[in-house]
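Structural characterization, general
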Amino acid sequence: MRVGIYSGSFNPIHIGHLALANYLCEYGGMDEVWFLVTPRNPFKAHSQSLLPDSFRVELVRLSTAEYPRFRVDEIELSLPQPNYTIQTLDILRQRHPEHELYLVVGSDNWQKFSDWRESARLLREYRLIVYPRPGWEVDETSVPDTVTYLSNAPLLDVSSTFIRESLEKGLDVRYFLHHKVYERLLEYRCAQ
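A brief structural summary. (Residues numbered from 1 in each chain as written. Predicted model: local features only at pLDDT ≥ 70, side-chain atom pairs only at ≥ 80, totals over all residues. Heavy atoms only, no water.)

Digging into unusual backbone geometry
Put simply, the rule reads: Secondary structure counts use DSSP, requiring at least four H or I residues in a row for a helix and at least two E residues in a row for a strand, with both numbered from the N terminus. Remark: exposure states derive from per-residue accessible area (1.4 Å probe, protein chains only) relative to the maximum for the residue type, with buried under 20%, exposed over 50%, and partly exposed in between.
Residue Pro-12 is reached from Asn-11 by a cis peptide bond, and omega for that bond is 5°. Its identity as a non-glycine residue notwithstanding, Phe-10 has a phi of 45°, on the positive side. By the secondary structure assignment, Phe-10 is in the loop between β1 (2–8) and α1 (15–26). The exposure class assigned to Phe-10 is buried, which follows from its relative accessible area of 3%.

This is the structure in C-alpha coordinates:
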(Lines give C-alpha, C1' and ligand atoms only; values in the text may rest on other atoms or scores of the structure.)
Protein backbone atom coordinates (compact mmCIF):
# COMPACT_ATOMS: atom_id res chain seq x y z
CA MET A 1 0.00 0.00 0.00
CA ARG A 2 1.23 3.54 -0.81
CA VAL A 3 0.89 5.73 2.28
CA GLY A 4 1.31 9.50 2.43
CA ILE A 5 2.83 10.54 5.75
CA TYR A 6 1.43 13.98 6.54
CA SER A 7 3.07 15.31 9.68
CA GLY A 8 2.31 18.70 11.18
CA SER A 9 1.23 20.65 14.20
CA PHE A 10 -2.36 20.90 12.84
CA ASN A 11 -2.89 23.83 15.18
CA PRO A 12 -5.75 23.49 14.22
CA ILE A 13 -6.36 21.27 11.22
CA HIS A 14 -8.23 23.14 8.46
CA ILE A 15 -9.69 22.56 5.01
CA GLY A 16 -6.35 23.21 3.31
CA HIS A 17 -4.86 20.19 5.11
CA LEU A 18 -7.87 18.03 4.37
CA ALA A 19 -8.18 19.06 0.73
CA LEU A 20 -4.53 18.26 0.07
CA ALA A 21 -4.79 14.84 1.73
CA ASN A 22 -7.98 14.13 -0.24
CA TYR A 23 -6.20 15.18 -3.45
CA LEU A 24 -3.31 12.81 -2.65
CA CYS A 25 -5.73 9.90 -2.31
CA GLU A 26 -7.91 10.66 -5.31
CA TYR A 27 -5.34 12.11 -7.73
CA GLY A 28 -1.88 11.53 -6.25
CA GLY A 29 -1.74 7.74 -6.14
CA MET A 30 -1.88 7.33 -2.36
CA ASP A 31 -3.95 4.48 -0.95
CA GLU A 32 -4.08 6.25 2.41
CA VAL A 33 -2.85 9.40 4.08
CA TRP A 34 -1.75 9.19 7.69
CA PHE A 35 -1.95 12.37 9.76
CA LEU A 36 0.79 12.61 12.39
CA VAL A 37 0.29 15.33 14.98
CA THR A 38 3.67 16.82 15.93
CA PRO A 39 4.24 18.10 19.47
CA ARG A 40 6.63 20.87 18.36
CA ASN A 41 8.31 21.45 15.02
CA PRO A 42 12.07 22.04 15.59
CA PHE A 43 11.97 24.82 12.96
CA LYS A 44 9.03 26.75 14.37
CA ALA A 45 9.40 29.42 17.00
CA HIS A 46 8.85 28.18 20.54
CA SER A 47 6.65 31.19 21.09
CA GLN A 48 4.01 29.71 18.80
CA SER A 49 0.95 28.98 20.90
CA LEU A 50 0.09 25.32 20.51
CA LEU A 51 -3.25 23.88 21.46
CA PRO A 52 -2.78 20.88 23.78
CA ASP A 53 -1.52 17.76 22.01
CA SER A 54 -4.56 15.66 22.94
CA PHE A 55 -6.93 18.38 21.72
CA ARG A 56 -5.16 18.68 18.36
CA VAL A 57 -5.36 14.91 17.97
CA GLU A 58 -9.07 15.06 18.82
CA LEU A 59 -9.62 17.72 16.12
CA VAL A 60 -7.72 15.69 13.52
CA ARG A 61 -9.75 12.60 14.39
CA LEU A 62 -13.03 14.55 14.14
CA SER A 63 -12.12 15.93 10.71
CA THR A 64 -10.83 12.68 9.21
CA ALA A 65 -13.30 10.13 10.59
CA GLU A 66 -15.71 10.26 7.65
CA TYR A 67 -13.14 9.45 4.94
CA PRO A 68 -11.95 5.82 5.04
CA ARG A 69 -8.57 6.54 3.44
CA PHE A 70 -7.45 8.88 6.24
CA ARG A 71 -5.81 7.61 9.41
CA VAL A 72 -4.47 9.35 12.52
CA ASP A 73 -1.23 8.13 14.09
CA GLU A 74 0.07 9.52 17.40
CA ILE A 75 3.63 8.18 17.01
CA GLU A 76 5.31 11.59 17.14
CA LEU A 77 3.71 12.38 20.49
CA SER A 78 5.47 9.40 22.08
CA LEU A 79 8.96 10.08 20.72
CA PRO A 80 11.69 11.99 22.59
CA GLN A 81 11.67 15.73 21.90
CA PRO A 82 12.61 17.28 19.68
CA ASN A 83 11.66 14.52 17.30
CA TYR A 84 12.88 14.50 13.74
CA THR A 85 11.15 13.25 10.61
CA ILE A 86 13.88 10.72 9.84
CA GLN A 87 13.31 9.04 13.22
CA THR A 88 9.56 8.94 12.67
CA LEU A 89 9.88 7.44 9.20
CA ASP A 90 12.41 4.85 10.35
CA ILE A 91 10.05 3.68 13.11
CA LEU A 92 7.05 3.62 10.76
CA ARG A 93 9.04 1.61 8.21
CA GLN A 94 9.97 -0.91 10.94
CA ARG A 95 6.35 -1.20 12.07
CA HIS A 96 4.89 -1.32 8.56
CA PRO A 97 7.44 -2.87 6.19
CA GLU A 98 4.63 -3.84 3.82
CA HIS A 99 3.86 -0.18 2.99
CA GLU A 100 5.61 2.30 0.72
CA LEU A 101 5.93 5.52 2.74
CA TYR A 102 5.80 8.93 1.04
CA LEU A 103 6.62 11.99 3.11
CA VAL A 104 4.32 14.91 2.31
CA VAL A 105 5.90 18.39 2.60
CA GLY A 106 5.04 21.85 1.37
CA SER A 107 7.26 23.75 -1.03
CA ASP A 108 8.16 26.08 1.85
CA ASN A 109 9.71 23.13 3.67
CA TRP A 110 11.27 21.83 0.45
CA GLN A 111 13.15 25.14 0.10
CA LYS A 112 14.73 24.51 3.53
CA PHE A 113 15.01 20.74 3.20
CA SER A 114 18.81 20.68 3.35
CA ASP A 115 18.52 21.96 6.95
CA TRP A 116 16.53 18.90 8.01
CA ARG A 117 18.17 16.23 10.15
CA GLU A 118 19.75 13.63 7.80
CA SER A 119 18.15 15.21 4.73
CA ALA A 120 20.43 13.30 2.32
CA ARG A 121 19.38 9.98 3.85
CA LEU A 122 15.74 11.05 3.76
CA LEU A 123 16.04 11.63 0.02
CA ARG A 124 17.95 8.41 -0.51
CA GLU A 125 15.71 6.08 1.50
CA TYR A 126 12.25 7.63 1.25
CA ARG A 127 10.03 9.18 -1.38
CA LEU A 128 8.77 12.72 -0.96
CA ILE A 129 5.71 14.49 -2.27
CA VAL A 130 6.05 18.26 -2.43
CA TYR A 131 2.89 20.35 -2.74
CA PRO A 132 2.98 23.96 -3.91
CA ARG A 133 2.59 26.81 -1.45
CA PRO A 134 2.10 30.39 -2.63
CA GLY A 135 5.36 32.32 -2.62
CA TRP A 136 7.54 29.20 -2.52
CA GLU A 137 8.29 28.28 -6.12
CA VAL A 138 10.00 25.00 -7.00
CA ASP A 139 12.32 24.50 -9.96
CA GLU A 140 10.97 21.18 -11.21
CA THR A 141 14.12 20.54 -13.26
CA SER A 142 16.19 20.35 -10.04
CA VAL A 143 13.91 17.94 -8.17
CA PRO A 144 15.56 14.54 -7.46
CA ASP A 145 14.01 11.31 -8.75
CA THR A 146 12.74 10.42 -5.26
CA VAL A 147 10.63 13.60 -5.16
CA THR A 148 7.26 14.20 -6.81
CA TYR A 149 6.23 17.81 -7.19
CA LEU A 150 2.44 18.26 -7.35
CA SER A 151 2.46 21.17 -9.79
CA ASN A 152 -1.22 20.62 -10.65
CA ALA A 153 -2.54 20.39 -7.09
CA PRO A 154 -5.16 23.02 -6.23
CA LEU A 155 -3.85 25.82 -4.05
CA LEU A 156 -5.69 26.76 -0.88
CA ASP A 157 -3.84 29.55 0.87
CA VAL A 158 -5.19 28.94 4.38
CA SER A 159 -3.04 28.71 7.49
CA SER A 160 -3.63 27.60 11.04
CA THR A 161 -2.32 31.00 12.17
CA PHE A 162 -5.07 32.69 10.15
CA ILE A 163 -7.65 30.40 11.76
CA ARG A 164 -6.38 31.03 15.31
CA GLU A 165 -6.18 34.79 14.85
CA SER A 166 -9.66 34.90 13.32
CA LEU A 167 -11.14 32.91 16.18
CA GLU A 168 -9.41 35.16 18.72
CA LYS A 169 -11.10 38.16 17.06
CA GLY A 170 -14.47 36.40 17.28
CA LEU A 171 -14.77 36.01 13.51
CA ASP A 172 -16.88 33.26 11.98
CA VAL A 173 -14.50 31.09 9.92
CA ARG A 174 -16.67 27.99 9.82
CA TYR A 175 -16.08 27.39 6.10
CA PHE A 176 -12.31 27.18 6.59
CA LEU A 177 -12.71 24.20 8.93
CA HIS A 178 -14.48 20.86 9.01
CA HIS A 179 -17.83 21.59 10.68
CA LYS A 180 -17.09 19.31 13.66
CA VAL A 181 -13.72 21.00 14.20
CA TYR A 182 -15.32 24.44 14.11
CA GLU A 183 -17.97 23.43 16.66
CA ARG A 184 -15.41 21.82 18.94
CA LEU A 185 -13.11 24.86 18.77
CA LEU A 186 -16.01 27.11 19.78
CA GLU A 187 -16.78 24.82 22.74
CA TYR A 188 -13.12 24.79 23.72
CA ARG A 189 -12.86 28.59 23.58
CA CYS A 190 -16.01 28.99 25.69
CA ALA A 191 -14.58 26.65 28.33
CA GLN A 192 -11.34 28.67 28.64
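As for the packing of aromatic side chains
Keep this limit in mind: Here is the rule: rings of Phe, Tyr and Trp (six-membered ring for Trp) pair when centre to centre is within 6.5 Å. Planes less than 30 degrees apart are stacked, more than 60 are edge-to-face, and the remainder are tilted. As a reminder, the over-ring test applies to NZ of lysine and CZ of arginine, requiring each to be within 6 Å of the ring centre and within 35 degrees of the ring normal.
One pass over the structure, following the stated rule, counts eleven aromatic pairs. Between Tyr-6 and Tyr-131, the ring centres sit 6.4 Å apart and the planes meet at 70°, which makes this aromatic pair edge-to-face. Of this pair, Tyr-6 sits in strand β1 while Tyr-131 sits in strand β5 (residues 127–131), and the two are 125 residues apart along the sequence. Each member of the pair, Tyr-6 together with Tyr-131, is buried. Aromatic pair Phe-113 and Trp-116: ring centres 4.8 Å apart, planes at 40°, arrangement tilted. Note on accessibility: Phe-113 and Trp-116 belong to one class, buried. Here a set of aromatic residues connected by ring pairs shows up, and it is made of Tyr-6, Phe-10, Phe-35, Tyr-67, Phe-70 and Tyr-131. Of note, Arg-71 hangs over the ring of Trp-34, and the distance from its end group to the ring centre comes to 3.9 Å.

Points about the environment of Gln-81
Put simply, the rule reads: Throughout, a residue-residue contact means that at least one pair of heavy atoms, one from each residue, lies within 4.5 Å. Counting of polar contacts relies on pairs of N or O atoms within 3.5 Å, with two restrictions inside protein: one atom must be capable of donating a hydrogen and the other of accepting it, and residues adjacent in sequence are counted only when both atoms are side-chain atoms.
As for its position among the elements, Gln-81 is in the loop between α3 (75–78) and α4 (85–95). The partly exposed category is assigned to Gln-81, whose relative accessible area is 42%. Spatially, the C-alpha atoms of Gln-81 and Arg-93 are 20 Å apart, while their sequence positions differ by twelve residues. Residues in contact with Gln-81, not counting those within four places in the same chain, are Pro-39, Arg-40 and Glu-76. Among the polar contacts listed, one links the side chain of Gln-81 to the backbone oxygen of Leu-79, at a separation of 2.8 Å.

A look at the nonpolar core
How we decide: Definition used in this section: a nonpolar core is a set of buried Ala, Val, Leu, Ile, Met, Phe, Trp, Tyr and Cys residues joined via side-chain atoms within 4.5 Å.
Core analysis: the biggest nonpolar cluster contains 36 residues, and Tyr-6, Val-33 and Phe-35 have the highest contact counts within it. Elements supplying a minimum of two residues to this core: α1, β2 (32–37), α2 (53–64), β3 (70–73), β4 (100–106), β5, α7 (160–168) and α8 (179–191). Broken down by element, this core gets its largest block of residues, six residues, from α1. Look past the residues within four positions of Val-33 in its chain and what remains in contact with it is Gly-4, Tyr-6, Ala-21, Leu-24, Cys-25, Arg-69, Phe-70 and Arg-71. Val-3, Leu-103, Trp-116 and Val-143 belong to the second-largest nonpolar core, a separate cluster that totals 23 residues.

Re the side chain of Ser-107
By the element assignment, Ser-107 lies in helix α5 (residues 107–111). Assessed through its relative accessible area of 0%, Ser-107 is described here as buried. Among the polar contacts listed, one links the side chain of Ser-107 to the backbone nitrogen of Arg-133, at a separation of 2.8 Å. Of the polar contacts made by the side chain of Ser-107, one reaches the backbone oxygen of Trp-136; its length is 2.8 Å. Beyond its immediate chain neighbours, meaning those up to four positions away, Ser-107 contacts Val-130, Tyr-131, Pro-132, Arg-133, Trp-136 and Val-138.

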